[in-house]
Amino acid sequence: MSTQQCFSCGAAEGMVHFDGRGETVSVKGMERRIDNLSGWECQKCGEVELDEMCGQRYSDACDELVIASRKMVGNEMRRIRRKLHLTQKETVQLLSGGGHNAFSRYERGEILPPKALILLMRLLDRYPYLLTDAKTLGEGADLRGFEHIVHKEHESLSVS
Ligand SMILES: [Zn+2]
């Protein structure tokens, strides 16, 4: 059994070499199994250092999983948007704000939508009739309209 001093806690011969280990990584509920990992693990503090090739394989698998989960969320966003009969542009104007192509980037899985937007889309998926309320409330929250009202009141005050 090969051992070495732990670089983390300093325990002499603390680190024991292992191989053939499998680990499951999980991102947003998606899981991926990575087999045949080898490296060092400290028996004292639990610190793990994967061998170089395995570390690369491990981080590649994590990257793939992150990309896959963004695609999954993107597909979900597209499905819900279509169910609500909204164009990407309408969805941005109504729900998310941001640039006109923001939503298409979400749907392509290039970037993960903000958590609040995912939640909002899932709520609308479950209760599609709330879309009417969302439209009304969205208009009421328009700050340019608010500023306009304040401005007019101010004008009428200075006239009298
Ligand atoms: Zn240690």
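Residues numbered from 1 in each chain as written. Predicted model: local features only at pLDDT ≥ 70, side-chain atom pairs only at ≥ 80, totals over all residues.

An unreviewed UniProt entry lists the protein chain under the name Type II toxin-antitoxin system MqsA family antitoxin, from Pseudomonas granadensis.

What about the overall build of the protein chain?
Where we set the bar: The helix count covers DSSP runs of H or I at least four residues long, the strand count covers runs of E at least two residues long, and both are numbered beginning at the N terminus. Remark: C-beta atoms are placed from the backbone, and a residue is labelled buried if 20 or more other C-beta atoms sit within 10 Å of its own, exposed if 12 or fewer do, or partly exposed between those counts.
Summing up its helical and strand segments, the protein chain has 6 helices and 4 strands in all. Reading the protein chain from its N end, one meets helices and strands in the order β-β-β-β-α-α-α-α-α-α. Buried residues in the protein chain amount to 11% of all 160 residues.

A short note on the packing of helix α1 (residues 52-83) against helix α4 (residues 115-126)
To keep it simple, the criterion reads: Axes, fitted as lines to C-alpha atoms, cover a helix only where it is in contact. Angles between the N-to-C directions of the axes lie from 0 to 180 degrees. Working rule for angles: under 35 degrees goes down as roughly parallel, over 145 as roughly antiparallel, 65 to 115 as roughly perpendicular, anything else as oblique. Should the near helix be turned anticlockwise from the far one by less than a right angle, the crossing is termed left-handed; should it be turned clockwise, right-handed. The contact criterion used here is simple: two residues whose C-beta atoms, placed from the backbone, lie within 7 Å are in contact. Residue polarity follows a fixed list, in which Ala, Val, Leu, Ile, Met, Phe, Trp, Tyr, Cys and Pro are nonpolar, Asp, Glu, Lys and Arg are charged, and the others, Gly among them, are polar.
Packing of α1 against α4 leaves a shortest axis separation of 10 Å and a crossing angle of 45°. Compared by their axis directions, α1 and α4 come out oblique. Here α1 runs over α4; the crossing is left-handed. Here Val73, Met77, Ile80 and Lys83 of α1 come into contact with α4, specifically with Ile118, Met121, Leu124 and Asp125. Split by residue class, the contact of α1 with α4 holds 6 nonpolar, no polar and 2 charged.

Some details on α1
Owing to its 3.6 residues per turn, the α-helix aligns residues three or four sequence positions apart on the same side. Spelled out, the test is: Expected span of a helix: the number of residues minus one, times 1.5 Å.
For α1, built from 32 residues, the straight-helix expectation of 46 Å at 1.5 Å per residue is met to within 8% by its first-to-last C-alpha distance of 47 Å. The inward-facing, buried residues of α1 contact α2 (88-96), α3 (102-107) and α4. After α1 finishes, the residue histidine 85 shows a positive phi value of roughly 55°.

Some thoughts on the nonpolar core
What counts is decided by this rule: One nonpolar core equals one set of buried Ala, Val, Leu, Ile, Met, Phe, Trp, Tyr and Cys residues connected by C-beta atoms within 7 Å.
Counting 6 residues, the largest nonpolar core is built from Met77, Ile80, Phe103, Tyr106, Met121 and Leu124. Secondary structure elements with two or more residues in this core: α1, α3 and α4. Setting aside anything within four residues of it in sequence, one finds isoleucine 80 in contact with Met121, Leu124 and Asp125.

Details of the pairing of strand β3 (residues 30-42)
What counts is decided by this rule: Should DSSP find at least two bridges between two strands, the strands are taken to pair.
Here strand β2 (residues 15-27) runs beside β3; their pairing, made up of 10 bridges, is antiparallel. Paired with valine 27 across the two strands is methionine 30, which belongs to β3. Counted along the chain from β2 to the antiparallel partner β3, the turn is 2 residues long, and its residue lysine 28 has a positive phi close to 50°. The hairpin turn running from β3 into strand β4 (residues 48-50), its antiparallel successor, is 5 residues long, and glycine 46 in that turn takes a positive phi close to 85°.

A look at the pairing of β2
Pairing of strand β1 (residues 3-4) with β2 involves 2 bridges; the strand directions are antiparallel. Pairing of threonine 3 across the sheet is with valine 16, part of β2.

A look at the sheet that holds β2
Pairing within the open sheet is antiparallel, and its 4 strands lie in the order β1-β2-β3-β4. Looking at strand neighbours, the two that pair on one side only are β1 and β4, the edges of this open sheet. Strand contacts of α1: β2, β3 and β4, with the helix running at about 160° to β3, the strand carrying the most contacts.

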